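Okay, here's what each chain looks like letter by letter:
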Amino acid sequence: MLHRRAFFAAAAAGAALVAASGVRTQPRPEKSRVTIAVGGKAAFCHLPLTLAEQLGHFRAEGVEVDIVDHPGAVRAQQALLNGQADVCAGAFAHTLGLQAVGQHVACFVLQGRAPLLAMGVSTRGFPAYQAVPDLRGRRVGVSALGASSHMTAALVAARGGLRPQDVQYVAVGTSASARAALRAGEVDAICNSEPVMTMLEQKGDIKLIADCRTLRGAAEVFGGPMPAACLYAPEDFLRRNPLTAQALANAVVRSLKWLQTAGPGDIIKAVPESQLLGDRALYLAAFDKGREAIALDGMVPAEGVRTAMAAMAAFEPAFKTDRLEPDRLYTNDFARRAKERYKV
């Protein structure tokens, strides 16, 4: 088994050419066109990805990116493993699950430092709710089974003393389908992403019981800092295409920097109308609620890896974290160079 330092030596050497060549000139990426699979592109956790596309940051780095939106994280993962995509945009926890089954992928730039998820119970369909144990025998909507929303909901339930079999988890997707499932009474509670949760909250459709849109709220659920959305790719892709990976990391980190000073008007102009759910004010309200959860520089904190491993073990008791190689779950080499390049 290869140590992370040894494995990424070739990638680091290749990508170092980018930093050495200066901001205005750099070697061309090995791949001029890259496909990124994502499950739920409109979710706030992937806002940096959307901005890198819409603001032309990918193109400025010399790579054309095709972002293919799939109905859920599992489908996006399958696209990556089947060779239909070069890179996947998904939760950092997915790298653990894939490594556990022998699929070595690595996160190379972080989009979110908290999951940007919230959980609430239906005020109309479940008015008797008082505490988490009341979820026993109830249906909880999540974006997809096995997704980070499923993990989050399960951890909230476990902290309330419930066993996995005590709650029925139902895949409701994201965006409009998730909202419709709750309002139609198909689920009694929901754990989902933004801007859906802010919309349900503002309309009085839910009573919030967990909030991972803030660093503090995420730490309460996961027990520490929880790295969230990221770009990850097979180790072989990173080794063979270090300049391409660097270009992608540069574009995302540049978007993270842009977000640090962007105002409401800037956000509305940059985000496609189709992702605003028909309500610009609501979208901006959701953005304000989750702004601190967006990554600052694309770097994965070492402590966050330990949190993710503990969360996976709690979510899946059969999951053997002692068999994982934490150093192969991520590399900060690309994000570090992007951070230096754009002075984040």
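Check the entry above for the structure.
Per chain, residue numbering runs from 1 following the sequence as it is written. Selection of residues for local features in this predicted model requires a pLDDT of at least 70, selection of side-chain atom pairs for listing and counting requires 80 or more, and totals for whole chains, interfaces and linings are taken over all residues. Only hydrogens and water are removed before side-chain values are computed, so all heavy atoms of the structure are retained for them.

Now for the overall build of the chain. The helix and strand inventory of the chain stands at 16 helices and 10 strands. What you see for the chain is a C-alpha radius of gyration of 19 Å, in line with the 20 Å of a compact globule of 344 residues. When its C-alpha atoms are laid out on the principal axes, the chain stretches across 65 × 45 × 35 Å. By the burial criterion, 56% of the 344 residues in the chain qualify as buried. By definition in these notes, contact holds between two residues if any of their heavy atoms fall within 4.5 Å. Of the contacts formed within the chain by residues at least 6 apart in sequence, a portion of 81% connects residues at least 24 apart. The way it works is that DSSP assigns letters per residue, a run of H or I at least four long becomes a helix, a run of E at least two long becomes a strand, and they are numbered from the N terminus. For the radius of gyration, the atoms used are the C-alpha atoms, and the globule rule reads 2.2 Å times the number of residues raised to 0.38. Accessibility here uses a 1.4 Å probe with only protein chains present; expressed as a share of the type maximum, an area under 20% marks a residue as buried, one over 50% as exposed, and anything in between as partly exposed.

The next point concerns the environment of A314. Inspection of the secondary structure puts A314 in helix α15 (residues 302–315). A314 sits 45 residues away from K269 along the chain, and the two C-alpha atoms are 41 Å apart.

Time to look at the sheet that holds strand β7 (residues 168–171). At least two DSSP bridges between two strands are required for those strands to pair. Here we have 5 strands laid out as an open sheet, ordered β7-β6-β8-β5-β9, and mixed in their pairing. Each having just a single partner strand, β7 and β9 (206–211) make up the two edges of the open sheet. With strand direction ignored, the average angle separating the axes of adjacent strands in the sheet is 25°. Note: strand β6 (residues 139–142) against strand β8 (residues 189–193), 2 bridges, orientation parallel. Bridge pairing in β8 links G141 to I190. Strands in contact with helix α7 (residues 148–159) are β5 (117–122), β6, β7, β8 and β9; relative to β5, the strand with the most contacts, it is inclined by about 60°. The convention used is that axes are lines fitted to C-alpha atoms, helices contributing only their stretch in contact, and that angles between N-to-C directions extend from 0 to 180 degrees.

Looking now at the sheet that holds strand β10 (residues 229–234). The sheet built from 5 strands is open, its strands ordered β2-β1-β3-β10-β4 with mixed pairing. What marks the edges here is a single partner per strand, and that holds for β2 (64–70) and β4 (105–110). Going across the sheet, the axis of each strand differs from the next one's by a mean of 30°, ignoring polarity. Examined bridge by bridge, strand β1 (residues 33–39) and β2 share 7 bridges and lie parallel to one another. If you follow I36 over to β2, its bridge partner there is I67.

Turning our attention to the packing of helix α6 (residues 93–100) against α15. Two elements in contact, α6 and α15, have axes whose closest approach is 9 Å; the angle formed by their N-to-C orientations is 65°. Judged by the twist between their axes, the crossing of α6 over α15 is right-handed. Of α15, the residues touching α6 (which contributes A93, L96 and G97) are A308, M309 and M312. Each residue is assigned to one class: nonpolar for Ala, Val, Leu, Ile, Met, Phe, Trp, Tyr, Cys and Pro, charged for Asp, Glu, Lys and Arg, and polar for all the others, Gly among them. Here the contact of α6 with α15 is composed, by residue class, of 5 nonpolar, 1 polar and no charged. By convention the crossing between two helices is left-handed if the near helix lies anticlockwise of the far one by an angle smaller than a right angle, and right-handed if it lies clockwise.

What follows is about the pairing of β6. Across 4 bridges, the pairing between β6 and β7 is parallel. Opposite R139, over in β7, you have Q168 as the bridge partner. Crossover handedness for the path β6 to α7 to β7: right-handed. Looking down the strands as they point away from the viewer, one classifies a crossover as right-handed if the path from the first strand across the helix to the second runs clockwise.

Turning next to the nonpolar core. To define a nonpolar core, start from buried Ala, Val, Leu, Ile, Met, Phe, Trp, Tyr and Cys residues and group those joined through side-chain atoms within 4.5 Å. Membership of the largest hydrophobic core comes to 101 residues, with the highest contact counts inside it found for I36, F58, F92, F108, L135, L231 and L248. With 9 residues, the single largest contributor to this core is helix α12 (residues 242–261). When neighbours within four sequence positions are excluded, L231 is seen to be in contact with I36, L49, V87, C88, A89, A106, C107, F108, V109, Q111, L248 and V252. The next biggest cluster of nonpolar side chains, apart from the first, holds 11 residues, and it includes A118, A178, A181 and V187.

Paired rings are identified among Phe, Tyr and Trp, the last through its six-membered ring, by centres lying within 6.5 Å, and are further divided according to the angle between planes into stacked (under 30 degrees), edge-to-face (over 60) and tilted (the rest). Enumeration over the complete set of coordinates arrives at 4 aromatic pairs. A connected cluster of aromatic rings, assembled from ring pairs, spans F44, Y283 and F287. Whether a charge lies above a ring is judged from NZ of Lys or CZ of Arg, which has to be within 6 Å of the ring centre and within 35 degrees of the ring normal. Stacked on the ring of F126, the Lys or Arg R138 has its end atom at 3.8 Å from the ring centre.

Moving on, we get to unusual backbone geometry. In this model, E194 is joined to P195 through a cis peptide bond whose omega is 10°. Structurally, P195 can be placed in the loop between β8 and α9 (196–202).

Moving on, we come to the state of the cysteines. Here, the term disulfide refers to a pair of cysteine sulfur atoms separated by no more than 2.5 Å. Counted by the stated rule, this structure contains 0 disulfides. The cysteine C45 is free of any disulfide, with C230 supplying the nearest cysteine sulfur at 10 Å. Residue classification places C45 among the buried positions, given a relative accessible area of 17%.

Glancing now at the pattern of salt bridges. Two side chains bearing opposite charge may form a pair once their charged atoms approach each other closely. For this document, the term salt bridge refers to a Lys or Arg side-chain nitrogen within 4 Å of an Asp or Glu carboxyl oxygen. Counted by the stated rule, this structure contains 22 salt bridges. R59 serves as the salt-bridge partner of E64, at 3.2 Å between the closest nitrogen and oxygen. R59 gets classed as exposed once you look at its relative accessible area, which sits at 53%. Residues R280 and E273 are paired through a salt bridge, measuring 3.1 Å at the closest nitrogen-oxygen approach. E273 sits in the partly exposed class, given a relative accessible area of 47%.

By themselves, these figures tell us nothing about what the structure is for.
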